[in-house]
Amino acid sequence: AQRVTQPEKLLSVFKGAPVELKCNYSYSGSPELFWYVQYSRQRLQLLLRHISRESIKGFTADLNKGETSFHLKKPFAQEEDSAMYYCAFTKRIYNQGGKLIFGQGTELSVKP
Amino acid sequence: DVKVTQSSRYLVKRTGEKVFLECVQDMDHENMFWYRQDPGLGLRLIYFSYDVKMKEKGDIPEGYSVSREKKERFSLILESASTNQTSMYLCASSSSGSPGGGELFFGEGSRLTVL
């Protein structure tokens, strides 16, 4: 079965430190991967998707098919990055409808 | 802006009661979803719908049903609420237009407590 694993429930770093949130998926085909973020008292929203190959709020994520990973990275964490982060996966089928499978989530805490 | 609105932010119900959670989206999206969000478990898909009157089971459909009579509205029904259904429920919608499925837009959530 397809699955997304985020091994860390909580990641705590100091402001200015690099941060990496880990995400591994299990699927042998072509996946489409996303990172969603939920800030305190806000709704869950898309942060970035691998197909766009873009940097959002300083975050990047590279799909590594060999390691089946899609880790989220930022070189210098800011306090406003503190939030819950979810990795999500869908099969890459045109017009499939976007059913996403989510990981367990990682809470990022950036301390001053 | 896409708006997904969940009618109830907080509900408290008793065991055995029937519970309706309503969700409306205003962007003419084909796809709608119901997830439950629990600490340590992430988001788990309950049901989803690709079109009016169509529904498919997600990963945890037991104890739930859904209704999609109109394109903009997707309702989640708990026929007989139980304490293990105490959770945060998230509704989401997306367009079918993009390859692999489009971005999901979420509502603010409905926090249900079953006593």
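Scroll up a little and you will see the structure.
Residues numbered from 1 in each chain as written. Chains lettered and ligands numbered in written order. Predicted model: local features only at pLDDT ≥ 70, side-chain atom pairs only at ≥ 80, totals over all residues. Heavy atoms only, no water.

Caption draft 1: Spotlight on the overall build of chain A. Scanning chain A from terminus to terminus reveals zero helices and eleven strands. For chain A, the succession of helices and strands along the chain, N to C, is β-β-β-β-β-β-β-β-β-β-β. In summary, chain A has a C-alpha radius of gyration of 14 Å against a globular reference of 13 Å for 112 residues, a match within 12%. Across its three principal axes, chain A shows a C-alpha extent of roughly 45 × 30 × 25 Å. Per-residue burial over chain A gives 45% buried out of 112 residues. The contacts of chain A with a sequence gap of at least 6 include a subset with a gap of at least 24, amounting to 60%. Distance between charge centres in chain A, computed from 16 positive and 10 negative side chains, equals 6 Å. (Helix = DSSP H or I, 4+ residues; strand = E, 2+ residues; numbered from the N terminus. Rg over C-alpha atoms; globule rule 2.2 N^0.38 Å. Buried < 20%, exposed > 50% of the residue type's maximum accessible area, 1.4 Å probe, protein only. Contact = heavy atoms within 4.5 Å. Lys, Arg positive; Asp, Glu negative; His and termini not counted. Charge placed at Lys NZ, Arg CZ, Asp CG, Glu CD.)

Caption draft 2: Highlighting the state of the cysteines. Here the structure, examined in full by the defined rule, presents two disulfides over all chains. With a sulfur-sulfur separation of 2.0 Å, C23 of chain A is cross-linked through a disulfide to C87 of chain A. The S-S bond linking C23 of chain A to C87 of chain A shows a torsion near -65 degrees; that makes this disulfide left-handed. Note that C23 of chain A is positioned in the loop between β3 (19-21) and β4 (24-26) and C87 of chain A in strand β9 (residues 83-91), a separation of 64 residues in sequence. The buried category is assigned to C23 of chain A, whose relative accessible area is 0%. Under the relative-accessibility criterion, C87 of chain A is labelled buried at 0%. There is a disulfide in this structure between C23 of chain B and C91 of chain B, and the S-S distance comes to 1.9 Å. The sign of the S-S torsion, about -80 degrees, decides the handedness of the disulfide formed by C23 of chain B and C91 of chain B: left-handed. (Disulfide = S-S within 2.5 Å.)

Caption draft 3: Quick peek at the sheet that holds strand β7 (residues 60-61) of chain A. Residue and element names in this part refer to chain A. Here we have three strands laid out as an open sheet, ordered β3-β8-β7, and antiparallel in their pairing. Since the sheet does not close on itself, it has two edges, and those belong to β3 and β7, each with one partner. For β3 and strand β8 (residues 72-74), the ladder comprises three bridges, and the chain directions are antiparallel. Looking across to β8, one finds that E20 is bridged to K73. (Pairing = 2+ DSSP bridges.)

Caption draft 4: Up close: the pairing of strand β8 (residues 64-70) of chain B. Residues and elements named next belong to chain B. The sheet contact formed by β8 and strand β9 (residues 73-78) spans five bridges and is antiparallel. Residue S67 lies in a different strand from β9, and its bridge partner there is S75. What sits between the antiparallel neighbours β8 and β9 is a turn of two residues.

Caption draft 5: Spotlight on the pairing of strand β12 (residues 110-114) of chain B. Residues and elements named next belong to chain B. The alternating pattern of β12 places S110, L112 and V114 on a buried face, while none of R111 and T113, on the opposite face, is buried. Bridge count for strand β2 (residues 10-13) against β12 is four bridges, and the pairing is parallel. Counted as the bridge partner of K13 is V114 from β12.

Caption draft 6: Molecular detail of unusual backbone geometry. Residue and element names in this part refer to chain A. The backbone of R41 shows a phi angle near 65 degrees, a positive value even though the residue is not glycine. Relative to the assigned elements, R41 resides in the loop between β5 (31-38) and β6 (45-49). Non-glycine residue K57 carries a positive phi angle of around 55 degrees. As for its position among the elements, K57 is in the loop between β6 and β7.

Caption draft 7: A look at the packing of aromatic side chains. One pass over the structure, following the stated rule, counts 14 aromatic pairs over all chains. Ring centres of F48 of chain B and Y50 of chain B lie 5.2 Å apart, and the angle between their planes is 65 degrees; on these two criteria the pair is classed as edge-to-face. Members of the aromatic cluster, each reached through a chain of ring pairs, are F34, Y36, Y86 and F102 of chain A together with F33, Y35, F48, Y50 and F106 of chain B. (Phe/Tyr/Trp six-rings, centres within 6.5 Å; stacked < 30°, edge-to-face > 60°.)

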